[in-house]
Amino acid sequence: AGVGITRRTRGPGGDLFNSVEPFTDDQRELVRKSMHVVYDQFCERIQIGRGDRLPDLDAVDEGLLFTGAQAVQNGMADDLGGLDAALLALAEHVDLEEGEYDVIDLPLPLSLPEYLNEVFGISGPRVQATLPEVAALRQLLGEARWKQAASLLDGMSQLRNESVLLLHPSALRVTTGR
């Protein structure tokens, strides 16, 4: 038995972050340049957003952790408080009295079963599929399309426990040596 990795890429740099080979010198330089672009954009946006309220970005831009009080002291935040305090401060800033504005609480993101129910129009608290139903769907889609759908559904099911998920475009192939 053996384990092999089949890499699939599309376009130049498509396998930049593959897990099989280290960066080439060109790839390393590309990543370094991208990091500088992102960092410069970050600094520019901070300067636009905070302006004079953050007098020394260089003193606080190293990824260190700060308490709320330290963030206010360093100019990274204006005040301490939660969402309610921020809404009151915003209303005061734009000269609105209580009752002159509404706060709309948007729903939380859908859970995987809720999402599938919405997408497929199934009513009920959960999406439940029996083995015969899965087999029927597999037959309906055909083997090639089923592999794509199964991979996507597997990734979606992993979102139950992870709020952010990066699926690497790789396939793991296990052979029996026959």
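This text goes with the structure placed above it.
In this report, we go over the structure that sits alongside the text. Keep in mind the model is a prediction, meaning the values are calculated, not measured.

**Let's talk about the overall build of the protein**
No. 1: The secondary structure content of the protein amounts to 6 helices and 2 strands.
No. 2: In sequence order, the secondary structure elements of the protein are arranged as β-α-α-α-α-α-α-β.
No. 3: Counting over 178 residues, the protein shows a buried share of 12%.
No. 4: In the protein, of all internal contacts separated by at least 6 residues, the share reaching a separation of at least 24 is 36%.
No. 5: Just so you have it, the protein exposes about 15400 Å², and 56% of that area is on carbon and sulfur atoms.

**Some details on unusual backbone geometry**
No. 1: For Asp 95, which is not glycine, the phi torsion reads 60° and is therefore positive.
No. 2: Secondary-structure assignment places Asp 95 in the loop between α3 (83-93) and α4 (112-120).

**What about the pattern of salt bridges?**
No. 1: Inspection of the entire model under this criterion finds 5 salt bridges.
No. 2: The residue Arg 50 makes a salt bridge to Asp 78 at a minimum N-O spacing of 2.7 Å. Taken together, the residues Arg 50 in helix α1 (residues 25-50) and Asp 78 in the loop between α2 (68-74) and α3 connect sequence positions 28 residues apart.
No. 3: Note on Asp 78: relative accessible area 49%, which makes it partly exposed.
No. 4: A salt bridge links Glu 143 to Arg 138; the nearest nitrogen and oxygen atoms lie 2.7 Å apart.
No. 5: Under the relative-accessibility criterion, Arg 138 is labelled partly exposed at 37%.
No. 6: Residues joined in a network through salt bridges with shared partners are Arg 50, Arg 53 and Asp 78.

**Concerning the packing of aromatic side chains**
No. 1: According to the stated counting rule, one finds 2 aromatic pairs in the structure shown.
No. 2: Each ring, one from Tyr 39 and one from Phe 42, has its centre 6.2 Å from the other, and the planes form 35°; the classification is tilted. With Tyr 39 and Phe 42 both in helix α1 and 3 residues apart, this pair spans about one turn of that helix.
No. 3: Tyr 39 gets classed as partly exposed once you look at its relative accessible area, which sits at 33%.

**A word on α1**
No. 1: Taking 1.5 Å per residue as the helical rise, α1 with its 26 residues ought to reach 38 Å, and the 37 Å between its terminal C-alpha atoms agrees with that figure.
No. 2: For α1, the set of buried residues is Gln 27, Val 31, Cys 43 and Arg 50.
No. 3: Downstream of α1 by one or two residues, Gly 51 has phi in the positive range, about 55°.

**Topic: the environment of Asp 61**
No. 1: Mapped onto the elements, Asp 61 comes out in the loop between α1 and α2.
No. 2: Note: C-alpha distance between Asp 61 and Phe 42 (19 residues apart in sequence) is 9.7 Å.

**Focus: a nonpolar patch on the surface**
No. 1: A contiguous nonpolar surface patch, about 400 Å² in accessible area, is contributed by Leu 110, Tyr 115, Val 119 and Phe 120.
No. 2: Along the polypeptide, Tyr 115 turns up in helix α4.
No. 3: Its relative accessible area of 39% is what places Tyr 115 among the partly exposed residues.

Cut-offs applied
Residues numbered from 1 in each chain as written. Predicted model: local features only at pLDDT ≥ 70, side-chain atom pairs only at ≥ 80, totals over all residues. Heavy atoms only, no water. Helix = DSSP H or I, 4+ residues; strand = E, 2+ residues; numbered from the N terminus. Buried < 20%, exposed > 50% of the residue type's maximum accessible area, 1.4 Å probe, protein only. Contact = heavy atoms within 4.5 Å. Areas by Shrake-Rupley, 256 points an atom, 1.4 Å probe, with all protein chains shown as cover. Salt bridge = Lys/Arg side-chain N within 4 Å of Asp/Glu carboxyl O. Phe/Tyr/Trp six-rings, centres within 6.5 Å; stacked < 30°, edge-to-face > 60°. Expected span 1.5 Å × (residues − 1). Patch = residues over 30% accessible without salt bridge, like charges linked within 9 Å, V, L, I, M, F, W, Y side chains within 5 Å.

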